[in-house]
Every structure is written in structure tokens, then in C-alpha cells.
Amino acid sequence: MARMNMVQAINSGLDVMLGRDQRVVVFGEDVGYFGGVFRCTDGLQRKHGEHRVLDTPISEGGIVAAAIGMGVNGLRPVAEIQFADYIYPAFDQIVSELARLRYRTAGEFSAPVTIRTPCGGGIRGGQTHSQSPEGVFTHVCGIKVVMPSNPYDAKGLLISCIEDEDPVVFFEPKRLYNGPFDGDPHKPAVPWSTHPKGEVPDGHYTVPIGKAEIVRAGSEVTVLTYGTMVHVAEAAVKLAQADAEIIDVRSMVPLDTDTLCTSVCKTGRCVIVHEATRFSGFGAELSATVQEECFWHLEAPIARVTGWDTPYPHAFEWDYFPGPQRIVAAIQSVMEAR
Amino acid sequence: MARMNMVQAINSGLDVMLGRDQRVVVFGEDVGYFGGVFRCTDGLQRKHGEHRVLDTPISEGGIVAAAIGMGVNGLRPVAEIQFADYIYPAFDQIVSELARLRYRTAGEFSAPVTIRTPCGGGIRGGQTHSQSPEGVFTHVCGIKVVMPSNPYDAKGLLISCIEDEDPVVFFEPKRLYNGPFDGDPHKPAVPWSTHPKGEVPDGHYTVPIGKAEIVRAGSEVTVLTYGTMVHVAEAAVKLAQADAEIIDVRSMVPLDTDTLCTSVCKTGRCVIVHEATRFSGFGAELSATVQEECFWHLEAPIARVTGWDTPYPHAFEWDYFPGPQRIVAAIQSVMEAR
Amino acid sequence: MRQSRLHVPHPPARPGEKPDFSYVRISPAGAVARPDTRVPAVEIEALGTEMVRVLDEQGHAVGPWNPHLEPQDLQVALRHMLLTRLFDDRMQRMQRQGRISFYMKSTGEEAVAVAQAMALQPGDMLFPSYRTQGLFIVRGKSLVDLMCQCLSNTHDMCRGRQMPIMYHSAASNIFSISGNLATQFPQAVGWAMAAAIKGEDHIAAAWIGEGSSAEADFHHAMTFAAVYQAPVILNVVNNQWAISSFQGFAGGERRTFAQRGPGYGIPGVRVDGNDFLAVYAVTQWAAERARASGGPTLIELVTYRAAAHSTSDDPSRYRPKEEWQAWPLGDPIQRLKEHLIRLGEWSEDRHKGLEKELDAHVTACWKEAVTYGTLTEGPSLDPLTMFEDVFHEMPPNLRHQREELRRLMQERAGAAGAASGALEVAGEG
Amino acid sequence: MRQSRLHVPHPPARPGEKPDFSYVRISPAGAVARPDTRVPAVEIEALGTEMVRVLDEQGHAVGPWNPHLEPQDLQVALRHMLLTRLFDDRMQRMQRQGRISFYMKSTGEEAVAVAQAMALQPGDMLFPSYRTQGLFIVRGKSLVDLMCQCLSNTHDMCRGRQMPIMYHSAASNIFSISGNLATQFPQAVGWAMAAAIKGEDHIAAAWIGEGSSAEADFHHAMTFAAVYQAPVILNVVNNQWAISSFQGFAGGERRTFAQRGPGYGIPGVRVDGNDFLAVYAVTQWAAERARASGGPTLIELVTYRAAAHSTSDDPSRYRPKEEWQAWPLGDPIQRLKEHLIRLGEWSEDRHKGLEKELDAHVTACWKEAVTYGTLTEGPSLDPLTMFEDVFHEMPPNLRHQREELRRLMQERAGAAGAASGALEVAGEG
Ligand SMILES: Cc1ncc(C[n+]2csc(CCOP(=O)(O)OP(=O)(O)O)c2C)c(N)n1
Ligand SMILES: Cc1ncc(C[n+]2csc(CCOP(=O)(O)OP(=O)(O)O)c2C)c(N)n1
Ligand SMILES: [Mg+2]
Ligand SMILES: [Mg+2]
């Protein structure tokens, strides 16, 4: 057991899988010699060889297409898209090809590709280094979508993704790479070493895809969230002094509806929090599902706290970011309803 | 006033705008000499010249990129993507560029591009000629998204799109090109000439973007839908013998929340119908919005009737399609609740 | 407004005009040198403008690219090409009769798929386009299987999920056709990269139309193939048309498609696509090169789409009806047949006999295929299977949706009768 | 597993190794012929492998590409390049001091943007990359404006919405930088198509890095430019590196990037990117060609990224520290300066004077810029403006969200004090 930040945990997950399974190959822009712009693949090329940890041309479409071909030929490709903002050039290959291959060939062909990509804001990245496009992928049948919120889950989930028979988009909330973040940019940074989920086993273990985690048990209101916002929600719940149950969704596809809806049916109140823009974001699906399953238990409207429906603005990062103030307000309004 | 089917109405809208505004240019794969694989641009090149109605390389990304450049240079490009299933190669240009240009330049640059694209199933097109990807675009800030359900709206909305200062994706439900479709593929085809919305003015007129239309007034339950499903919903409502208010959403972005929510607050019950897959589809946003606005008036859970969460299967088209049987069942369950 | 200065490409002839193929540059048979397969790309750029041809006007095989195949092999080739054509003709008729929903013929282009498949090894992976049905025929996929796919019946390899002609065959090492143009091009490169990473000798080959070469994936494929020197053959089938758009709209007005290769450092070879021997030889050359770690080759196969684009298309709206007759490279089947006759290894009678035999075979296959059902009649797949294979294991939401459909189907069938049948199926997925 | 046969490109030198630029093929100054601008692409393919150079080792301007500029123009050029460099240096320092969040220098590449902008006409539309700040400087965009953008302050042309360096200027006919690589390449072609459709004489020019040429949009741009013979100049700035990846990972190991052109039927011209005169001449040639309906040109500008990729980057991790010193094409500023001295039109003293003057100018500009605020201090933009310009007219959902933020801001500021200020703003959007 070691203390790791999320970058190290991801690096360790890749390292473990490269070591255990000759079929695993890791590639992407600046991933090889340099070790990735966020250092997630640091040292892996030196250790596992340049034929298994590769640099690629700057061509996200080509990267995913090549990954599909490799997957069809028996490898387990782990492709990095340098920023989630740059995943769109690969969108056709992901949606039309990767996600549908098993279906259209009735299972004769499939490509167990993992696409890793850093997402989210809070790093002064402006509109092209801050996006949270996970919602779009959750509407695509045939691809799994996960987002860890801590080093332990990051490594365990990543290993699950690489071992999974289906393609997965693995979103890495980059604001969490170095430490949990409670939504207040003015506080000194907190390292993962102070957080229980910063304890990460050195070797192989898995965190299952398709399972949400109750991060904080509570009885008055359920907060559904994932990624960076898990920590912001925790801070907000403290501020609101509500007995909230916070659930880290972790796996958007498949969704652990049971855990989510059991909680909301119990608390009767629900706040959904994500960083992505609100309109047609993943929160809409969460809200619709919860409403369908828990309607008769709901004591207040389900509230969504999200990024505003604008591109991510560089200068107004902290007015844009759905921080504790907004979450507290939502919790209070939901609690006060009726 | 003439009787037109939807293809003719679209053709007429383009013709009118090509005639009125020298800045309008129309292009896409097979759009020029041939007049489009669905004939929507038939005769336009002959009439307006091959420099204003053009064939293009088979390159959806290039088509949208070129449209952006043309729009920046003062033209009003109307680009056709031959099938909505093939819009993904243009996704990056639409999402990262077209939708954000005005924002990132604080209004100094913009590109008033209209992207027309036939969508939806019911034509034995299998998984690559039947998709309804509108939901994905509604999550993208900066681009409008509309889908007409009849010839009158098609022409009027298309003209509004071309005249609009913002980019718009204009989805054409191809199952409706030749006639309204009630969801029963075994009945003889009905032509638009028998439908009041098949009466289309020859000249210029507009149907506003951002306004839903109440297609059938009712008091017991609200059915929110758009495109092909408007007609299927009408058939289902007849079968269910419910006094349903059917609303054709028409404009997904911007959404006419007022019209939608006023109706649901009145009826207290809501069924949402679309052809696209359910999970994270546009129905999720409709459900979430309605729930937020109308919670205290809801007497039953909001129900969604949608395509299943699978790619569109060729052989099982009519088991996949959310036809009248499923809509009736949803209306009944919503009506019977409590 | 001032006069537009935009250049808009024009095909040589539209309906009512005289076909004109003077733009197609044709080298005499035997005229193009055959370089060693180890020669660097930069030294063989001429291969992209010339046209490798083996069969001359008299039906002789001439020049350095003559692959010197045995007559038996040529007879097999003729059989494959003829079968492809007869299969296409039959399926088109069946579409016209409403038995299948859609079809696309490869008429006039049969040499491409048949010669290339024959020149490759069984372990080489093929990434087909929708107009390379000959690949499946050469690799022994039964016509019944192909027909069942087109029928979306109970034996459909795609289990009813794809439109007709979207075949695949893992057992034959032929990848799946998706319907999205060009996507398989860079996937083939990825497959080849994996073969190289694993140190295996197999190579990949992929096909797209000249029109599709304008898609991004063409560039992705070329770049990755060049950078990693992937063992792959990238084929652009230039059949002059992309639905209604002639090849100039893909950039063919000024350069050949083979000439795209050298810009990436990839050899580009232009070949008479209706010359079985030339296509075979060029493919063999590229395969040898790739297998010996010589990297990728781009092949442009110059041919003509003799039929409509698909059963939904009417080419008389956009090109002269008699263009096919004017096509200077002739008919690949006719040309190979004449060559075999010239060799004394074939005759008009044997040809007629073969036609009859194959036609009977197609008939027999069709008869068998329809016993497994059609889209509208006979036994049919259980719609509940539509929820399978979205994922390796069915997630809860799909299980629920399957149950919902099951209920709806029962309701439709009348609850009593349907219940037992549906319960049986329940065990499946 | 067997030995991998994949080819993985290697840069000539990694940290600790001796820089080696022997792979860069350099033509002697004056050696490359200058064809007439009306010559078809196919006749001038050599321009893609050779390297157009005008300034020789002694600082003389030689050969047919010498644009014969007036000394005054050269002095202006020197001033622009020097200003670009000093501006870059200052902004990098300001980033290090935490005054701006990010920066990217163009050090060593100043001739590219400055010479090209000078060779084009004011009405020509420029589609910049993030390393062509020189375009803005030549077109007279004030440094204060550029600095205010980097500061996201109250005068920021992007109104706080973009990271530093993502400038634009409609008034100067310079398009916007998005952050997504290569996207503007085909947009420039569309702009040029529109110019042609309107019968106008203006042309477009676009810039991407050699690494970005692997993106789909490179292919889109080339195809559309070739098909419609769009009046556009497509520039690939080959500065040898793309963050940590050397140019071989974009396909530069076997061919030059200029050589991609001929495959599309587009002339490809390779030029010494650090030779102001050569870059000017080649751009002028391409512009003349485009303006005379001769179609597009692809220019590869061979240069070296002397600085880190960005302020987030540390190049000592992936390349020898002293590579820049070993770069065979030198420093563009130094070379133009020497040429002017050789002409008797410049001196070390004047140079020092100019440096001092420009440095003072940069200082003055910075001082002014910060009076409009910084990201963290001084006057700042109203956050409520963030809801504007998503659409031309603000739709209801954004109005609601703006109201919500207004309330939150009031709450934060303490309801009483903030109310009046916020109400004032309400009239705005
Ligand atoms: C991404 C995408 N865009 C458009 C289409 C529609 N489409 C199908 S075939 C075709 C023409 C292709 O022409 P070409 O590549 O020359 O192949 P050919 O049909 O001549 O064999 C088009 C535009 C598609 N299937 N996929
Ligand atoms: C679509 C996209 N993918 C990846 C990136 C991340 N990225 C920013 S700059 C860069 C390297 C670009 O190299 P090059 O094109 O050679 O330009 P240079 O930096 O050398 O000027 C990368 C990979 C991006 N901005 N956009
Ligand atoms: Mg073709
Ligand atoms: Mg570079």
C-alpha cells in the first residue's frame, strides 16, 4: 500500500497491466518518451519498451481508429486523448465504429479499447482545456463511460476498463490529479496523501464498472455527483449542515440505478451536481431516471447544480464552476420545499 | 398556396432564399447537379447556377469547415449532410468551432451556417441510415437545433434558420418526406396533400425558432414530442381515447419551456416521445425541465417513450420504433397512476 | 455580384452528351517497369501516374508484371468473378421483387476484389468496402451466408442488425462493413500495427472508393501507415463515380489517387483495375513489400462502376447511359475469358457451361437461403435478440427494456398464446 | 511474443545526446529556380524537396527568389520581428510572475508570421495559429490589445472567455484562434471559396504546425482547396517539434511536408523559414498565383521552435538543451540584421537602440494594459457578461442563469452593498 496522487495511481494501473498482460499497449500524443503532458505515463516507455508505450501523430481520429484495429487484432489498447476537449475529432470512430462493432457483427468482432482523457475545469484552462463532455458519450449505445473521483478508484477502475471486453471512455478529472478539491480555489492545495482514498495498493486490484459508491451516508437528501464535484459536494454538505447522502456515480454507463434510486426513495430529496453544462447534460438523465423510479417518494423537485450553459470562460472560472455556494443553495431549497 | 410534400417544401424554402439573398449558397454531397439523394435540392443548381448550388467532396468535416469559412466571409451557407448518421465526422467543426466562434471572439466573428440533415428511421435503413442524434447537439452551447414535423413548418423554419444569425442544425425526419406517418407501416402511405400542413405558401414566410406548437389541445395529459413522432403520437392519442394535449417541440434549442410547462402544469401528467435512444436522449432534458418547473402539479411520474438503448436494427425496425402501442401504454399508465 | 472565380469540377459528360474518357491516362500493356519490392518509395513515383497493365488488346499477358499464374488459377479466378457478377444480378432482381430491402452491385469491378483476395494469404486481414463482395467469394464464404445476411433472416450473420451487404466473417479474416465510409481504412492500419507489434507476418488490406478518399480517415490511415511503416495495403477503387459525383469532386482532376501516396512517403501504384493479372501482380508486389517490413502501399485501381450506385439510385439522371460501353478498360470478366481462350485453356462453350452451372448454384443457394426466412416471410429472428451484443454482458437497463418488449409482444400476440414461446427465449441472453 | 517489427520514429537526439540536424536537407541560397506563377503544379514538384533560400552565409541576398525589397521595408521587418520577440519574452516573464495564466512564444520563428503578413495585402484574410503573433504585430494590432487579451481584463477582446494568446481581430482581417489544432485550415479554404464565389480578389492564408498536419482538417483543407482551386495559401510551420514529439511523428521522416501538396495537385514549396527574404518571396509568389485564379499553394516553412512549447512545458525533458544553437538555419532576426548591416542600412548601434526603444515600448504597453486589470487584480469584467454571445440573442435559459448568478453574486457580496451595482449591470445584455 502506498500513498499516491491520481496521476501516480493511473500510472500504476497502466504499469500493472502492462506487466501482467502482453496484449496491453498504451499510446497517444506525447505519451511515450515524454510520459504525457500530465505525466500519467511517465517512465512506462522506458520500462515496457517503445513498442508497447508509443507516441502518436496528433490525430485523435487516427488514434482511436488505430486502437480499434489493434483491438480487433487481439491487443488491449489504452489510448490517451490529451484533453477531453480534443476528443471530438475521434467522435465518428468512437460512435459509429468502436461502440457499434460488437453489435453489428453479432459479437464476431469487438475491440476492447480504453480511452483515457483528462476532463473538467478549475485549472484556468479556458474553453478548450476545461470541458466535461461525458454526457454526450452516455447517449451512445455500446460504450461504457466512467469517471473516478480519487486515486484508489482511478487505479481500480482503470484496471477494470482495460480488462473489460467492451470499450470504455475513462474520464480523468484533472483538477483532482494532485489532490482533492473542495471548490475553494483560494484555500491552500490539499494533497492526496492526507485523504484515505490516497492509499493505493501497489499491485493489481479492481473497482467494478457499473457500481456507484455512497461516499457519505445520510437521511435527509441525496446528492448525486461524480468526479471533482464529489469533493465539492462534500464541502457543501458540511456547510449546509444537512444530513445528506452523497453518492459518487462513478460509472455513468452502465448506471447503478439501484444504488441511486434506493437512496433517493429513502431521503425523498435529490440534488444532482456536475461540472458540465446543464442543458441535456448527464444530470438530465439522472433526474429523469430518479423521477421515474422515485416519483412517489419525492418530497421536493429534483435540483440540478451544473455549469452554466455557456462555453467554459477563462476569466470567470469561479463564477462558472458550480461551487459550494450553489450546491448549498440547492440543498437548502430542496430541504425547505413544502 | 400549393400542396407540397416535405421534400418540395424544403426545396421551395431553399429556392426562395437563393432568390432573395445573393449570400445564400447551398452545398453538400450530390446536392448540385443531381439534386440530392432525397431530391431536396432538385433543380436548384440549374436555376441558381453551379456556383451557388454545389456538389462537394465526400467529407462532412470539410463541408462544415468550408461552411464556417464562407459564413465568416459574409455568405449564408446551407450545408447538407446526406444522412444524420454521417454528421459525426463533422462533429469537431460543429462543436468546437461553429458553436463557439461568436462566444470566443466576443461577437466579432460568427458564421450563420444552416446544416440540413435527414434523420430518423422507419425506412429500413438499418443502423447507419436511421439515427436520431439530435440529443447530442442539444448539449452543445451555441448551436440551435430544430426539427419540423410537416411541410409548412419545414419551409418556414428552414427560412428562419437561414435568416438566423446563429448556426442551426436542421433535422429532417425523412420518414415524413412523402407523407405524415402514423406509426403503422402496414397501412397504405398517406400523402401530404391530404394534410392541412401540406398547404405551403409559394413565397417567403417564416416559422419562428424557439416556439413549440400545440398540435392538439387537451386537458388530461401532455404529450411532448417532435418530428415523425408527432404523427405517431396523434394516432396513439386517438387509440387511447385520452384528452391529450400534444405539443410539437419543434425547436429543441432554444426550448420553448413556457409552452411545454404551462401545458404540463395544467394537465398534471406528461408523456415524452422520441425516436432516439432513451438513455441521455433529449427526452431526459425535457423530463428534467418539466419536473423542475411543474413538480407541484405532477400527478404521476413523467414517462418517456423512446427507441430502445441499442443501435437501430434493420430487421426489427417495428419492434424498435416507439410506435402507437407503446405510446398508448405510457399514456394509460400515466393516466391511471394514483 | 461579380463573376464567380470558383472552379467547379465538371464530369466529361452528362446525360445526353457523348461519353469521353480521354481524361483517363492509359499505359500500354507491359510498358511499366516492375521495381524490386525493396526499392524506396521515392524512386518509384512514376508508378502513381502510369498504369500497370498485363493483358494487351489481343488478350496476351505481357511485360514484367505478368504474374505467370497457372491456367487452373485463372480458371478459378474467372469462376469467382463470374459468380460475383451472377450473385449481384440475382440479388438486384430479388430487391426489385421486394424480397430484400436494398442492394449494391460490383458489376464491372469484379477483378478488384477477386484478384486482390487471391493474391493475399488466408491469414491476411481484409477490411472490405460495400463493393468488394468478391473478397467473401474468394475466401469461400458461402453464397447462402451472404444471402441470409441480405435477407436478415434466422441465419443472418448480423442477426438482423445491418442492412443488406454489410457482411463480415471472422473465420475468413474479413472485417465488418459499417456503412460509414472510409472508417475501416485507419482501422486496417491499426490491425497491421498490432501484427507488427506482435511480430507476426500477416498483413492487412483495406478498400475504399475514390469518393471516400476525401474523408478524414483516408488521411489518418496514410499518416499512421507512413509513420509506423505498417504492413498494410491501402486500396482506392477509382470507379469514376461516387453516387452522382464524378471523381473530380474527390480531387481526381489534377492528380491520380495513387499519387497521394508519395506525399506521405508511401509508394502509390496505379493499376488497370479491370485487368485481373495486373491487379493480382500489383497486390502481390505490395504484399511482399509489406511482409518484408517494407511498409505500406497505396494502390489505385482504375475501373468503372457499371451499375447504379445502389438499388436506390438511377444513374441515368447524372451520366450518359452508354458510358459503360465507352469505358476504355473494358470488362474484367470478358478480358480474362479472352486471355484464357487465347491460352487455349478456355472456350465459349466452357464459358456458357460455367455460367449455367453458377447460375444454377445461385438459384440453389437462394432457394436454401429463403428457407431460413426473409425480412417479411417465413421463420424470423426473435426481436428480443436486438438487445444482445450492445455490450458483452447485458446491463440492467437493457434487461428491463427487453422485458418491456417481451410484454408488448405478448400483448400483441394475445397474452395466452404468446406466453410459452416467449418464456423459452427468456433463457437466452 | 516475437520481436516487434513496428517502426517507431526516433528524433535524432534526446537529452544528453549531441544535436544532429543532418536530416534537414538544405539547398544553397539562390540555388532554387523561381518558376512563373502560372506554371502548373505538376511541373514544379522539385520545390517541395528543395529549400528556397535567399540570404547566404555572408548575409547577401542572392538568386531568383530575391524579392528586392527596399531597405526601409527590411528595417520595418526587423522592427516587427524584434518587437515580436521582446513581446514574447516579456509575456513569458509576466507568466512566471503569475500575472497571466499561460503563454506561448514564437521565438526563433518570427520570420514566418512577419514576412508572410508583410507579403500579403491588408484585405487578405489570415487564419492564425497560436504561434503566429507576428501577424497581429504586422497588421498593427496594438500590443496593449494583445496584452489585455492575455490578462483577461476589462479591455480583453475576448471578454475573458479565452486563455491567453487566443487573439483575433476582425478589423485587421485576422481570424480567431480556437485552441483546437488545425480546425482553421479548412475554414480558410471556405473563406477563400466565398471570395471566389463573390468574385473578389482577396485571398486567405492559414497556418498550422507540422505536428497538426496529422489532423483530419489538413486533409479537408487540401482536398477542398484542390477541388475548387480556392485562392488560399496553406502554411505548415515545421519547427521540428510538436510538444515532445519530433516531426517524424507527423510523417516527416520520409518526405517533407511541402511534398504533400503535389499528391493533391497543389504546388508544395519548401522554404527556409528563418530567411525573411525567402519567406516573403515564396508567400508573394503563392499570393500572386492565388489572386490570378491559379489556385492554392502549400508552403512548408522550415524553422525551429527555440523556446519551450508553452509555459507549461519543459523541453529539457525530451530534447538536448543546446539544440537551438545547433540549428543550421540560424536565427531569423540575426540573419536579417546582418543582411541590413551588409547593405549598409543598419548597424549594431542602431540595433541596440531599436531594442531599447522597443523594450521601452513593451514596458509602456504593459503598464497601460494592467491599468485595465489583470486576472486577479484591478478592474475586472462583469462575470454576468459570460452569458452573452453564446447566441446572437440571449435565449430564456441563459437569461435565467444570468439572474441566478446575479443573485449568487449579490449574496456573496452581502445583499445590501451589492444590490445597486448589480442592478446597473442589468440593463446590459
Ligand atoms: C460518412 C459517410 N458519408 C456519406 C455516405 C453516403 N454515401 C454512401 S456511398 C457514397 C458514395 C461513395 O463513393 P465512392 O467512395 O467512390 O465508392 P463507390 O460507391 O463508387 O464504390 C456516399 C456519399 C456514407 N455512407 N458515409
Ligand atoms: C485537436 C487538438 N489535439 C491536441 C491538442 C494539444 N496540443 C496543443 S499544441 C500541440 C502540439 C502542436 O504541435 P505543432 O502542430 O507542431 O505546432 P507547434 O506547437 O510546434 O507550433 C498539441 C498536441 C490540441 N490543442 N488540439
Ligand atoms: Mg467511386
Ligand atoms: Mg511544430
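Definitions and limits used
Per chain, the residues get numbers from 1 upward, laid out in the order the sequence is written. Here chains are named by letter from A upward and ligands by number from 1 upward, in the order in which they appear as written. For a predicted model such as this one, the threshold for reporting local features is a pLDDT of at least 70, and the threshold for listing and counting side-chain atom pairs is 80 or more; totals across whole chains, interfaces and linings nevertheless cover every residue. For side-chain calculations, the full set of non-hydrogen atoms in the structure is used, while hydrogens and water are omitted. Fitting of the copies onto one another was done by least squares over C-alpha atoms, counting residues only where both copies have pLDDT of at least 70. By definition, residues are in contact when any of their heavy atoms lie within 4.5 Å. Two parts placed together each lose some accessible area under a 1.4 Å probe, and the buried area is that loss summed for both. We define a salt bridge as a contact between a side-chain nitrogen of Lys or Arg and a carboxyl oxygen of Asp or Glu at a distance within 4 Å. N or O atoms closer than or at 3.5 Å make up a polar contact, with two conditions inside protein: a donor-capable atom paired with an acceptor-capable one, and, for residues adjacent in sequence, both atoms drawn from side chains. Helix and strand assignments come from DSSP, with helices taken as H or I runs of at least 4 residues and strands as E runs of at least 2, each series counted from the N terminus. Only strands joined by at least two bridges in the DSSP assignment are considered to pair. Lines fitted to the C-alpha atoms define the axes, with helices restricted to the stretch that makes contact. Angles between their N-to-C directions range from 0 to 180 degrees. Think of the donor list as every N, O and S atom within 2.8 Å of the metal, or within 3.2 Å for Na, K and Ca; water never makes the list, so a site can look incomplete. Throughout this description, buried means an accessible area under 20% of the type-specific maximum (1.4 Å probe, protein chains only), exposed means over 50%, and partly exposed covers the range between. Working definition: residue near molecule or strand if any one of its non-hydrogen atoms lies within 4 Å of it. What sets the accessible areas is the Shrake-Rupley method with a 1.4 Å probe; for residues, cover comes only from the shown protein chains. In the scheme used here, Gly and all other residues not listed as nonpolar or charged are polar, with Ala, Val, Leu, Ile, Met, Phe, Trp, Tyr, Cys and Pro taken as nonpolar and Asp, Glu, Lys and Arg as charged. What counts as a domain boundary in this text is fixed by an automatic or database domain assignment. Remark: nonpolar core denotes a set of buried residues (Ala, Val, Leu, Ile, Met, Phe, Trp, Tyr, Cys) joined through side-chain atoms within 4.5 Å. Any helix carries an expected span of 1.5 Å times its number of residues minus one.

Novice: So, the relation of the copies chain B and chain A: which residues are in play, and what are the values?
Specialist: Once chain B is rotated about the relating axis by 180° and shifted along it by 0.0 Å, it coincides with chain A to within an RMSD of 0.0 Å. Both chain copies can therefore be described as sitting about a two-fold axis. The share of interface residues of chain B whose copies in chain A are also at the interface is 100%, consistent with both copies meeting through the same surface.

Novice: Tell me about the interface of chain C and chain D, and name the residues and values.
Specialist: Every contact between the two is made by 47 residues of chain C and, on the other side, 47 residues of chain D. Summing both sides of the interface, chain C and chain D together bury roughly 4000 Å²; the carbon and sulfur share of this comes to 52%. The largest share of the area that chain C buries against chain D comes from Arg5(C), Leu6(C) and Arg255(C), three residues that together contribute 19% of it. For the pair chain C and chain D, the number of links is four salt bridges. Residue Asp201(C) pairs with Arg5(D) through a salt bridge whose shortest N-O separation is 3.8 Å. Seen at the junction of chain C and chain D, the total is 24 residue pairs in polar contact (both at pLDDT 80 or more). Looking at the side of chain C that touches chain D, the elements with two or more residues in it are helix H5 (184-197), helix H6 (216-228), helix H7 (260-264) and helix H8 (276-291) of chain C. Ranked by residue count, the leading element in the side of chain C that touches chain D is H6(C), at eight residues.

Novice: Mind laying out the sheet that holds strand S1 (residues 125-127) of chain D, listing which residues take part and the relevant values?
Specialist: Residues and elements named next belong to chain D. A sheet is described by the order of its strands in space; here five strands give the open sequence S1-S2-S3-S7-S6, paired in parallel fashion. On the outer flanks of this sheet lie S1 and strand S6 (268-272), each paired with one strand and no other. The average angle at which neighbouring strand axes cross in this sheet is 20°, direction not considered. In the sheet, strand S3 (residues 232-238) pairs with strand S7 (residues 297-302) via six bridges, with the strands oriented parallel. Counted as the bridge partner of Ile-233 is Thr-297 from S7.

Novice: Tell me about the coordination of the magnesium ion (ligand 3), residues and numbers included.
Specialist: Residues and elements named next belong to chain C. Distances from the magnesium ion (ligand 3) to its protein donors, Glu-210 (OE), Asn-239 (OD1) and Trp-241 (O), fall within 2.0 to 2.2 Å. Read from N- to C-terminus, the donor residues coordinating the magnesium ion (ligand 3) fall into the pattern E-x28-N-x1-W. You can see Glu-210 sitting in the loop between strand S2 (204-209) and H6 and its partner Asn-239 sitting in the loop between strand S3 (232-238) and strand S4 (241-242), a full 29 residues away along the chain. The exposure classification of Glu-210 matches that of Asn-239, with both residues buried.

Novice: Tell me about the site of ligand 1, and please be specific about residues and values.
Specialist: Close to ligand 1 lie 20 residues, the nearest being Glu60(B), Tyr130(C), Arg131(C), Ser212(C) and Trp241(C). Ligand 1 is flanked by residues contributed from chains B and C. Within the contact set of ligand 1, a nitrogen atom lies 3.2 Å away from a side-chain nitrogen or oxygen of Tyr86(B). Interatomic distance of 2.5 Å between a side-chain N/O atom of Ser212(C) and an oxygen atom of ligand 1. Out of a free accessible area of 590 Å², ligand 1 has 96% covered by protein chains.

Novice: Hey, could you go over the relation of the copies chain C and chain D for me, with residue numbers and the actual values?
Specialist: Between chain C and chain D, which share one sequence, the superposing operator has a rotation angle of 180° and an axial displacement of 0.0 Å; the RMSD is 0.0 Å. When the interface residues of chain C are mapped onto chain D, 100% of them again lie at the interface, so the same face is used by both copies.

Novice: Before we move on, could you go through the site of ligand 2 and cite the residues and values that matter?
Specialist: Surrounding ligand 2, one finds 20 residues, the nearest of these being Glu60(A), Tyr130(D), Arg131(D), Ser212(D) and Trp241(D). The environment of ligand 2 is shared, with nearby residues belonging to chains A and D. Measuring from a nitrogen atom of ligand 2, one finds a side-chain N or O atom of Tyr86(A) at 3.2 Å. The backbone of Gly179(D) places a nitrogen or oxygen atom 2.8 Å from a nitrogen atom of ligand 2. Across the complex, the protein chains shield 95% of the 590 Å² of accessible surface that ligand 2 would expose by itself. Here the shell around ligand 2 is composed, by residue class, of seven nonpolar, eight polar and five charged.

Novice: Any chance you could break down the coordination of the magnesium ion (ligand 4) for me, citing the residues and the numbers?
Specialist: Here the magnesium ion (ligand 4) is held by Glu210(D) (OE), Asn239(D) (OD1) and Trp241(D) (O), and the distances to it run 2.1 to 2.2 Å. Within one chain, the residues donating to the magnesium ion (ligand 4) are spaced in sequence as E-x28-N-x1-W.

Novice: An account of the interface of chain B and chain A is requested, with residue identities and associated values reported.
Specialist: Each partner contributes to the interface: chain B provides 48 residues, whereas chain A provides 49 residues. In total, chain B and chain A occlude about 4300 Å² of area from one another, counting both sides; carbon and sulfur atoms represent 62% of this. Contact with chain A buries surface across chain B, with His139(B), Phe279(B) and Trp296(B) losing the most and accounting together for 17% of the total. On the surface where chain B and chain A come into contact, there are six salt bridges. A salt bridge links Arg304(A) to Glu285(B); the nearest nitrogen and oxygen atoms lie 2.8 Å apart.

Novice: Lay out the domain arrangement of chain A with the relevant residues and their values.
Specialist: Residues and elements named next belong to chain A. Here the domain parsing of chain A yields domain 1 (2-182) and domain 2 (213-336). The distance between the C-alpha centroids of domain 1 and domain 2 comes to 26 Å. Every contact between the two is made by 28 residues of domain 1 and, on the other side, 25 residues of domain 2. Taken over both partners, the interface formed by domain 1 and domain 2 buries close to 2200 Å², and the fraction arising from carbon and sulfur atoms is 59%. The largest contributions to the domain 1 side of the interface with domain 2 come from Arg-124, Met-147 and Phe-181, which together make up 24% of the buried area. Taken together, the links from domain 1 to domain 2 amount to two salt bridges. Across the salt bridge formed by Glu-317 and Arg-124, the nearest N and O atoms sit 4.0 Å from each other. Among the elements of the structure, helix H6 (134-138), strand S6 (144-146) and helix H7 (151-163) are those that each provide at least two residues to the side of domain 1 that touches domain 2.

Novice: Outline the environment of Leu358(D), supporting the account with residue identities and numerical values.
Specialist: Residues and elements named next belong to chain D. As for its position among the elements, Leu-358 is in helix H11 (residues 348-371). On the accessibility criterion, Leu-358 (2% relative accessible area) is buried. Here Leu-358 is in contact with Arg-79, Leu-82, Leu-83 and Leu-86, once residues within four sequence places are set aside.

Novice: How would you explain the nonpolar core if you had to name every residue and give the values?
Specialist: Judged by nonpolar contacts, the single largest core of 364 residues is most densely connected at Val271(A), Val271(B), Met193(C), Leu234(C), Met193(D) and Leu234(D). If sequence neighbours within four positions are ignored, Val271(A) has contacts with Val221(A), Thr222(A), Val223(A), Leu224(A), Ala303(A), Val305(A), Ala330(A), Ile331(A) and Val334(A). Within the second largest apolar cluster, 84 residues are counted, among which are Val144(D), Ile165(D), Val237(D) and Ile299(D).

Novice: Run through helix H12 (residues 396-413) of chain D, naming residues and quoting values.
Specialist: All names here are of chain D. Its 18 residues place the ends of H12 26 Å apart at the C-alpha level, agreeing with the 26 Å of an ideal helix rising 1.5 Å per residue. Taken residue by residue, H12 has Leu-398, Gln-401, Arg-402, Leu-405, Arg-406, Leu-408 and Gln-410 as its buried positions. Among the residues trailing H12, Gly-414 stands out with phi positive, at a value near 85°.

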